[in-house]
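Close look at the chain arrangement
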Amino acid sequence: MIRLNNDTPNDILQDVKIGDMVTDTFSKTGLVETIEISDDGLYRIYEFNLVTGRTITVKK
């Protein structure tokens, strides 16, 4: 299981793939269904959409 939060290194965030089991260590845990990566100029935003319908968002 991969723990995703703002302290997670960039190389770990890049290595997450669809089907991986992830958690935010609080209430969101599940398999990754889709991954969206965007850049707003200040932060790189990773959105991991889980099969449970929840989303884990990490800004780095």
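These numbers were taken from a predicted model, which means no experiment stands behind them. (Residues numbered from 1 in each chain as written. Predicted model: local features only at pLDDT ≥ 70, side-chain atom pairs only at ≥ 80, totals over all residues. Heavy atoms only, no water.)

Turning to the packing of aromatic side chains, a few remarks are in order. With the rule as written, the count across this model stands at one aromatic pair. Ring geometry for Tyr46 and Phe48: centres 6.3 Å apart, planes at 5 degrees, overall stacked. Both residues of the pair, Tyr46 and Phe48, count as buried. (Phe/Tyr/Trp six-rings, centres within 6.5 Å; stacked < 30°, edge-to-face > 60°. Buried < 20%, exposed > 50% of the residue type's maximum accessible area, 1.4 Å probe, protein only.)

A word on the nonpolar core. Among the nonpolar cores identified, the biggest contains ten residues, and these are Leu4, Leu13, Val16, Val22, Val32, Tyr46, Phe48, Leu50, Ile56 and Val58. It is strand β4 (residues 44–50) that provides the largest number of residues to this core, a total of three residues. Excluding residues that lie within four positions of it along the chain, Val22 makes contacts with Met1, Ile2, Leu4, Val16, Lys28, Thr29, Gly30, Val32, Leu50 and Ile56. (Core = buried A, V, L, I, M, F, W, Y, C linked by side-chain atoms within 4.5 Å. Helix = DSSP H or I, 4+ residues; strand = E, 2+ residues; numbered from the N terminus. Contact = heavy atoms within 4.5 Å.)

This part takes up the pattern of salt bridges. Here the structure, examined in full by the defined rule, presents one salt bridge. The partner of Lys17 in a salt bridge is Asp20, and the shortest N-O contact between them spans 3.6 Å. Relative accessible area serves as the criterion here: at 15%, Asp20 is assigned to the buried category. (Salt bridge = Lys/Arg side-chain N within 4 Å of Asp/Glu carboxyl O.)

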